[in-house]
Structure formats: C-alpha cells, structure tokens
Amino acid sequence: MVSLKGTDLISIRDFDKKTIEQILSVAKKMENKRNKALAGKILATLFFEPSTRTRLSFQSSMLRLGGQVINFGSIEQTSINKGESFTDTIKIVEKYADGIVIRHASEGTARLAAEVAGIPVINAGDGANQHPTQTLIDLYTLQKFKGNISKLNVCLTGDVKYARAMRSLLYALSMFGARVTFASPPGLEMEASAVEEVEKKFGARLTTAASLSEAIEKADVLYVCRIQAERFSDPYEAQKAQREFKLTKELVEQGKKDLIILHPLPKVNEIDPALDETPYAKYFQQAANGIPVRMAILQEILG
Ligand code: NCD
C-alpha cells in the first residue's frame, strides 16, 4: 500500500495507476460504511464556484468518517470581499483545519493553494483544467458497471473543450488503456495539447467520430458534459451550443444494448429526460458513488 498521508490531490497526473487502483479498492470497502478514522479532524471546504454534489458529498464523507467540516459560506461573506488576497485567505484557513477542499474558476488556483498551505489540498475543480476526484468517481463507476476499463470504448461528448471532468478523465482512461472516441459539437473539441500528452505518454487509442450517431454505434459508455456556459467568452455561442446539442432516446437506442450513459452532473437540457428512467442512465448512481470514493480519498490523505 502506498501511503498518501499528507499528500495533495491537484491533478489526476499526481497519482499513478497503482495509487488510483488502491483508492478504488478502499472505496469499495467504504460502501454503506461509517467509521471514526477521522475523529477530531477538520476539513475546510472552500467553494469559490457553485457546487452541489462535490461540496455535499465531501461534507457527508467527512462526517461518515467521524470528522467535522467548516466552510466560509458564500464569497460575499468572507474577507475576500473586503479585498483580502487569495494566498492570505489560504494561510489563515490552514491554521483552522487539517485539510482543504477547494474549487475555483481560475486554472492553477488549487496548485497555488497547495504551495501556500502546509496541510493537504484537494482540488475540487479549477477552471477548465482538472477535477481529479470526479475522475476517481468515474473510474469507480466504470469498474462497477463494466468491469475491466481497458476493454471499453468510451465516447466523450458534449462540452469536451471546457469541462474539466473531461480533461481529467481523458488522462485516466488513457492511463488505463481504454479506447476513447471524441464526438463533440464543432468548436468544443478537446484541446490539442491534452490529446498530444496522452498519445505521447500512454500511446492512447483515440478516434474522432464523424458524428455522434456514428460514435454511439461503437461505444460501451457515453460520457456527457453540459455546455459550460460560464467559460465561454461569447454567451451567444454558449446558447447556440446548448440549443444544438442534445442526447435523445432515439440516438441512444442506435447503440449497443448494454450501453451506459455517465454524466458528472448537473445536467441542464443536454440529455432527454426520457432517458433518466432507462437502464442506459447511470448518472444518478455515479453521483451516489461520490460518497465511498471521497471517503476513501479523505481517509487515505487525512487518516
Ligand atoms: C462538474 C464540475 O463542476 O466540473 N460538476 C461536478 O463536480 N459534478 C461538472 C459541471 O459543472 O458541468
């Protein structure tokens, strides 16, 4: 077992395959369990961007491990609103907690927080860059529903460009040897540098489909992200993409019988609600997996 005590988790690149497998196997043991592994420990959750699942599942996981949680409410309620710098804020929080979970709209902020803080920092999303804990949940969900990840053809669709969950997941899927098919709307393709990185590092098996329906025919998994409107410089472009991109039941029915759909959520209108009640949709179970996986992460890092 690799000891992760005191380490930061800023990018999925921070963990090798063996470490990821270790977290996934600890997570399996955490299903429906509670313990006192983190009794007396305090986690600070600093969300500079909106969050439902990530914030609440980190809080719930900490409580299930016997620990406690503090947070600063909304940014308006903090001294950042009086002009205090980001780094001063982190220097203060590190005195009040044993670990920090942070989400921020700017790329690199979690890394900066980790450099300033003497306590472990976990990145809960920095701009369009990374969302490593979401990726661990995605891998856990894939293993649970599909078994061996290296045998899968995963189609990344929706906002592949701005969604940080996509960026982290591409790296991890490539590390695990899965086949990845891109089927993004025009203009929302994966950044070339992210593609080159996984091709060089892992010899990733990547394909770009001519259309979403072509990709669906061959896919085992459809991984969808909402159009990340808040990261577009032109709101008109975001609205256009939101209008045009939609995963319908008819499209999905062209695929394999055991095709599954994952989505980090929130979904807005990119998935036909008629799909929610079908066996294809696994995104609500995926969100539920946030608990055992984040319990495993917290116990390994803070325990
Ligand atoms: C994602 C995020 O914040 O990146 N949400 C999440 O953590 N489940 C996805 C999104 O906002 O689209």
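Details of the structure are given in the entry above.
Everything quoted here is computed from the prediction, not taken from an experiment. (Residues numbered from 1 in each chain as written. Predicted model: local features only at pLDDT ≥ 70, side-chain atom pairs only at ≥ 80, totals over all residues. Heavy atoms only, no water.)

Caption draft 1: Structural detail: the pattern of salt bridges. By the definition in use, this model includes 13 salt bridges. The salt bridge involving Glu-94 is made with Lys-95; its shortest N-O contact spans 3.1 Å. What makes Glu-94 buried here is its relative accessible area of 18%. Note on Lys-95: relative accessible area 61%, which makes it exposed. Connected through shared salt-bridge partners, Glu-49, Arg-164, Arg-226, Glu-230 and Arg-231 make up one network. (Salt bridge = Lys/Arg side-chain N within 4 Å of Asp/Glu carboxyl O. Buried < 20%, exposed > 50% of the residue type's maximum accessible area, 1.4 Å probe, protein only.)

Caption draft 2: Focus on the nonpolar core. If you look at the biggest cluster of nonpolar residues, it comprises 60 residues, and the most contacted ones within it are Ile-20, Leu-156, Leu-173, Met-190, Tyr-223 and Leu-298. Excluding its chain neighbours within four sequence positions, the residues that come into contact with Leu-173 are Leu-139, Leu-142, Ile-149, Val-154, Leu-156, Ala-178 and Val-180. Counting residues in hydrophobic clusters, the runner-up holds 27 residues, among them Ile-227, Phe-245, Leu-251 and Leu-265. (Core = buried A, V, L, I, M, F, W, Y, C linked by side-chain atoms within 4.5 Å. Contact = heavy atoms within 4.5 Å.)

Caption draft 3: Region of the structure containing the packing of aromatic side chains. Counted according to the given criterion, the structure contains 5 aromatic pairs. Between Phe-48 and Phe-86, the aromatic rings sit 5.7 Å apart at their centres with planes inclined by 55 degrees, giving tilted as the arrangement. Here Phe-86 lies in helix H3 (residues 86–96) and Phe-48 lies in the loop between strand S1 (42–47) and helix H2 (53–64), a separation of 38 residues in the sequence. Like Phe-48, the residue Phe-86 is buried in the burial classification. Taken together, a centroid distance of 5.2 Å and an interplanar angle of 70 degrees make the contact between Tyr-283 and Phe-284 edge-to-face. Classification of Tyr-283 by relative accessible area gives buried; the value is 0%. Among the aromatic side chains, those forming a connected cluster through ring pairs are Phe-48, Phe-72 and Phe-86. Just above the ring of Tyr-171 sits the side chain of Arg-13; from NZ or CZ to the centre is 5.5 Å. (Phe/Tyr/Trp six-rings, centres within 6.5 Å; stacked < 30°, edge-to-face > 60°. Helix = DSSP H or I, 4+ residues; strand = E, 2+ residues; numbered from the N terminus. Lys NZ or Arg CZ within 6 Å of the ring centre and 35° of its normal.)

Caption draft 4: View of the site of the ligand. Near the ligand, the surroundings consist of Thr-54, Arg-103, His-131, Gln-134, Arg-164, Arg-226, Gln-228, Pro-264, Leu-265 and Pro-266. One of the side-chain N or O atoms of His-131 is found 2.7 Å from an oxygen atom in the ligand. Pro-264 is positioned with one of its backbone polar atoms (N or O) 2.9 Å from a nitrogen atom of the ligand. Contact with the protein chains covers 95% of the free accessible surface of the ligand, which is 320 Å². If you map the ligand onto the pockets, it falls in the largest pocket. Of the residues assigned to the shell around the ligand, the class counts are 3 nonpolar, 4 polar and 3 charged. (Near = heavy atom within 4 Å. Polar contact = N/O pair within 3.5 Å; in protein donor to acceptor, adjacent residues only side chain to side chain. Areas by Shrake-Rupley, 256 points an atom, 1.4 Å probe, with all protein chains shown as cover. 1 Å grid on protein atoms, 1.4 Å probe; cavity = no way out; pocket = protein on both sides within 12 Å on 5 of 7 lines; lining within 4 Å. Sits in = over half its atoms within 2 Å of the grid points. Nonpolar A, V, L, I, M, F, W, Y, C, P; charged D, E, K, R; others polar.)

Caption draft 5: Structural view of the environment of Val-101. Structurally, the position occupied by Val-101 is in strand S3 (residues 99–104). A C-alpha to C-alpha distance of 8.2 Å links Val-101 and Phe-58, two positions 43 residues apart in sequence. In this structure Val-101 touches Leu-43, Ala-44, Thr-45, Leu-46, Phe-47, Phe-58, Ile-122 and Ala-124, once residues within four positions along its chain are discounted.

Caption draft 6: Up close: the packing of helix H6 (residues 164–175) against helix H7 (residues 192–202). Running from N to C, H6 and H7 point in directions that differ by 15 degrees, and their axes come no closer than 10 Å. Here H6 lies roughly parallel to H7, going by the angle between them. Handedness of the H6/H7 crossing: right-handed. Contacts between H6 and H7 pair Arg-167, Leu-170, Tyr-171, Ser-174 and Met-175 from the former with Ala-194, Val-195, Glu-197, Val-198, Lys-201 and Phe-202 from the latter. Of the residues assigned to the contact of H6 with H7, the class counts are 7 nonpolar, 1 polar and 3 charged. (Axes fitted to C-alpha atoms, helices over the stretch in contact; angles between N-to-C directions. Parallel < 35°, antiparallel > 145°, perpendicular 65-115°, else oblique. Left-handed = near helix turned anticlockwise from the far one by under 90°.)

Caption draft 7: Local environment of the pairing of S3. S3 sits mainly inside the fold: 6 of its 6 residues count as buried. Of the two faces of S3, the one lined by Gly-99, Val-101 and Arg-103 and the one lined by Ile-100, Ile-102 and His-104 are each fully buried. As paired strands, S1 and S3 are joined by 5 bridges and run parallel to one another. When the bridges of S3 are listed, Thr-45 appears paired with Val-101. Judged from the 4 bridges that link them, S3 and strand S4 (residues 121–126) form a sheet pairing that is parallel. Each bridged residue has a counterpart across the sheet, and for Val-101 the counterpart in S4 is Ile-122. As a crossover connection, the stretch from S3 through helix H4 (residues 109–116) into S4 is right-handed. (Pairing = 2+ DSSP bridges. Right-handed = clockwise from strand over helix to strand, strands pointing away.)

Caption draft 8: Quick peek at H7. For H7, the set of buried residues is Ala-194, Val-195 and Val-198. For H7, the angular spread of buried residues about the axis comes to 100 degrees, placing them on one side. The outward face of H7, more than 90 degrees from its buried face, is lined by the exposed residues Glu-196 and Lys-200. Among the structural elements, H6, strand S6 (179–183) and strand S7 (205–208) are those in contact with the buried residues of H7. The positive-phi residue at the C-terminal boundary of H7 is Gly-203, with phi of around 60 degrees. (Arc of directions from axis to C-beta.)

Geometry only, nothing functional implied.
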